[in-house]
Amino acid sequence: QVQLVESGGGLVQAGGSLRLSCAASGRTFSTKSMGWFRQAPGKERDFVAAISWLDGTTRYTDSVKGRFTISRDNAKNTVYLQMNSLKPEDTAVYYCAGDAGRLRPSLQWHEYDYWGQGAQVTVSS
């Protein structure tokens with residue numbers, strides 16, 4: 001099993017920045033890529049960004065390209081999501097997820113095997 005713990009959420013004004021962290025523990029060697037998803041009230045869980053542990057390949061949803069950056073620290077088993085130029089529509093609970101099956105990061109939430117508890121990000125206008 002793999003345990004994922006997010007941190008770094010909070011309240012920020014539009015145009016501000018936040019950095020989310022996701023620390024993995026347990027059988028971390030079983031995960032091949034990591035992703036960030038978000039879910040706003042009354043909406044589906046949406047893909048945000050993902051990264052491969054092996055070669056650092058990254059993928060982003062179009063709405064965050066140029067504003068968000070996903071990165072990893074293999075030594076610390078930690079994945080980060082740096083969020084800049086935040087907008088009110090970025091408000092959501094952000095979830096970290098681990099995929100044990102694919103080297104190429106997936107955009108589909110149902111293909112991830114492990115999930116964190118979520119971190120609230122609120123962007124005020």
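Everything below is about the structure shown above.
Quantities reported herein were computed from a predicted structural model and do not represent experimental measurements.

A. Region of the structure containing the overall build of the chain. Helices and strands together make up the secondary structure of the chain, namely zero helices and 11 strands. Along the chain, helices (α) and strands (β) appear in the sequence β-β-β-β-β-β-β-β-β-β-β when read from the amino end. Against the compact-globule benchmark of 14 Å for 125 residues, the chain has a radius of gyration of 13 Å, which places it among compact chains. Taken along its principal axes, the extent of the C-alpha atoms in the chain is 40 × 30 × 25 Å. Expressed as a percentage of its 125 residues, the buried residues of the chain come to 43%. Here the chain displays about 6300 Å² of accessible surface, and carbon together with sulfur accounts for 47% of that area. Taken together, the 14 basic and 11 acidic charged side chains of the chain have centroids lying 3 Å from each other.

B. Fine view of the environment of A49. Looking at where A49 falls in the secondary structure, it is placed in strand β5 (residues 46–52). For A49, a relative accessible area of 0% translates into the label buried. In this structure the C-alpha to C-alpha distance between A49 and I70, which are 21 residues apart in sequence, comes to 6.6 Å. Those residues in contact with A49 that lie beyond four places of it in its chain are M34, G35, W36, R59, Y60, I70 and L81.

C. Region of the structure containing the state of the cysteines. Overall, the coordinates contain one disulfide when judged by the stated rule. A sulfur-sulfur distance of 1.9 Å marks the disulfide that ties C22 to C96. Taking the sign of the torsion about the S-S bond as the criterion, the disulfide between C22 and C96, at about -75°, is left-handed. Here C22, found in strand β3 (residues 18–26), pairs with C96, found in strand β9 (residues 92–99); they are 74 residues apart in sequence, far enough to count as distant. With respect to burial, C22 and C96 carry one shared label: buried.

Calculation notes
Residues numbered from 1 in each chain as written. Predicted model: local features only at pLDDT ≥ 70, side-chain atom pairs only at ≥ 80, totals over all residues. Heavy atoms only, no water. Helix = DSSP H or I, 4+ residues; strand = E, 2+ residues; numbered from the N terminus. Rg over C-alpha atoms; globule rule 2.2 N^0.38 Å. Buried < 20%, exposed > 50% of the residue type's maximum accessible area, 1.4 Å probe, protein only. Areas by Shrake-Rupley, 256 points an atom, 1.4 Å probe, with all protein chains shown as cover. Lys, Arg positive; Asp, Glu negative; His and termini not counted. Charge placed at Lys NZ, Arg CZ, Asp CG, Glu CD. Contact = heavy atoms within 4.5 Å. Disulfide = S-S within 2.5 Å.

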